[in-house]
Structures are given as C-alpha cells and as structure tokens.
Amino acid sequence: MTSAVVCRTFGPFITGYSPPGDGPFPAILVLHGSEGGWSGWSHRNAVLLAANGFLAYPFAYSRSGNFWYAGDIVDVPLDQTETAIAELRGNSLSNGRIGLFGVSRGAEHALLLSALMARDGVSGQPEAVAAHSPSDVICGGFEPNVTRPWTDPKQASWDPAKLSWTWRGSADGLMPATPIEIERYAGPLLISHGTEDKVWTVDCTRRLEARLKAAGRDPEIYYYEGENHGLQPDAENQNNTRLLSFFTRHLVG
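Parameters at a glance
- Residues numbered from 1 in each chain as written.
- Predicted model: local features only at pLDDT ≥ 70, side-chain atom pairs only at ≥ 80, totals over all residues.
- Heavy atoms only, no water.
- Patch = residues over 30% accessible without salt bridge, like charges linked within 9 Å, V, L, I, M, F, W, Y side chains within 5 Å.
- Areas by Shrake-Rupley, 256 points an atom, 1.4 Å probe, with all protein chains shown as cover.
- Salt bridge = Lys/Arg side-chain N within 4 Å of Asp/Glu carboxyl O.
- Helix = DSSP H or I, 4+ residues; strand = E, 2+ residues; numbered from the N terminus.
- Buried < 20%, exposed > 50% of the residue type's maximum accessible area, 1.4 Å probe, protein only.
- Expected span 1.5 Å × (residues − 1).
- Pairing = 2+ DSSP bridges.

Chemist: How would you summarise a nonpolar patch on the surface if you had to cite specific residues and measurements?
Modeler: On the surface, a cluster of nonpolar side chains totalling about 470 Å² of accessible area is made up of W38, F67 and W68. Among the secondary structure elements, F67 is positioned in the loop between β4 (55-59) and β5 (76-77). Taking the relative accessible area as the measure of exposure, F67 reaches 59% and is therefore exposed.

Chemist: Got a sec to walk through helix α3 (residues 105-119)? Specific residues and values, please.
Modeler: For α3, which comprises 15 residues, the first-to-last C-alpha distance of 21 Å matches the rise-based estimate of 21 Å (1.5 Å per residue) to within 8%. Within α3, 14 of the 15 residues are buried, which leaves it mostly tucked inside the rest of the structure. A positive backbone phi angle near 65° is found at G121, which sits one or two residues after α3.

Chemist: So, the pattern of salt bridges: which residues are in play, and what are the values?
Modeler: Here the structure, examined in full by the defined rule, presents 13 salt bridges. Residue R249 is joined to E220 by a salt bridge in which the shortest nitrogen-to-oxygen separation is 2.9 Å. One end of the pair, R249, is in helix α5 (residues 233-251); the other, E220, is in strand β10 (residues 220-224), with 29 residues separating them in the sequence. Taking relative accessible area as the criterion, R249 reaches 45% and is therefore assigned partly exposed.

Chemist: Please set out the pairing of strand β7 (residues 128-132) residue by residue, giving values where relevant.
Modeler: Of all the five residues making up β7, five are buried; the element is thus mostly covered by neighbouring parts of the structure. Of the two faces of β7, the one holding A128, A130 and H132 and the one holding V129 and A131 are both buried throughout. Note: strand β6 (residues 94-103) against β7, five bridges, orientation parallel. In the sheet register, V103 faces β7, and the bridge partner there is H132. Both β7 and strand β9 (residues 189-194) contribute to a ladder of four bridges, which runs parallel. Among the inter-strand pairings, A130 is bridged to a residue of β9, identified as L190.

So, in structure tokens, the structure goes:
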C-alpha cells in the first residue's frame, strides 16, 4: 500500500508535504494563526492539501516558537514570507503556480502580504489567496505569555507598543487598526468566516466583502451560520471542499 502523502524536506527541520512522485504539483504556502507553527494545525492543513494533489508547505513565521511555545507575532518580517513564496515557486516539485492560505492571524498575514505586494508592484505575487476567519484590519503584536492565566507567575502584561509586522525593514503604515487593502490584489480570492466567531467577528469579512465589491473585485465569500472561530465537522467538510475546488481551479494547469 502506498501512502497518499509524502513528507518533503525544505531545509533543516523544515517539513512539507505532497502526493507521491516527482510532480510537478501546484503549491500552497500555509500560514498558521496565533497557535504557532509547531502546534500541528498548519501541518494538519498542509497534509489535507497534499492528500488532494498539492505541494504544501506550512511556513512557521512566529518568532522563537517551539513545540511548547507558540512563538511571538511581533515584528514579523513579511519579506521572509515573500521569500518563502519565491522558494516554493522554484522548488523542483512545484508547477510554478503558488497559492497562499492562512487561518486567523495567518489569514491576516496572507491578506496583508498580498495587499502590500500588489501595492508595490512586486513580482511573484501568489496566483490565488484563501483566508479563513481574518481580521479586516492590522492587529497588534501577540505574545503567548500575555495569554497565560493571571495566577501564572510567567504571565506578562500586554504591551500595546509592540507591532505584528514589518515590510522592507519598516513598520510604517502597519499600525494596529489600519485597514488591510486587499482590494489592491487582483488575483482570485476566497474568504470564509463563521457567523458566531468569538475571536474575529464576522463583520470583519462583511467589511472586506463590501470593499472588494466596491473596488470591482469578485471574491468567493462563504459564511457558515452559527459557526465559531473553528468550524464543526459538517461546516469544515463543506469549507474544505470549497477550498480544494478554489485552489484546483486557479493553480492546476
């Protein structure tokens, strides 16, 4: 029996996934949320994509993360994600067409990077972008120590001066509450959101949808009635089907 998914090495301690064989495969860079790159969720999503024909690379962008610590989303250089897209595009297993998929803070990351690359006319923009449960604005820096219970001696106070992202070595224009100008990105876009999301309200996606349509864009937008930040099995199955269809239509061929 042959496994439907093969682990691939992208560098020291860096693992990706694909179907068996030499490809080339359509490729997707997967961006984690505040749970960090080592928690397993982005790898789980990458395995799902690989089992359906994609070369998937779960990119761990949070800083100083490991198996026991999610890592900080503070001063994360979006340029590194741009480089990861270029490296994935040039991988010998890739067909040269790249998708970007993020969840929660990873969805913010995906939308923001795509908007900045489009604004600046950067070459190598992703051919398709999907985001689940995004914010429509840039959010402040995240440090796992701040989320510890107040009785934990390692619990820290939230520092509003800490920022999440940098671009070209600067945080100019990347202050919290700044709208993410995803309408600048002209490629295919899918956004999904649960209507009872308790982390990022569904109004975030409703505002994104309104701005995109006002700019003449035609995004695929899916709302899941009664669903929270994470989807229950029936809704997740439906969302996975839509996600796979989206990336197949825009990355295969």
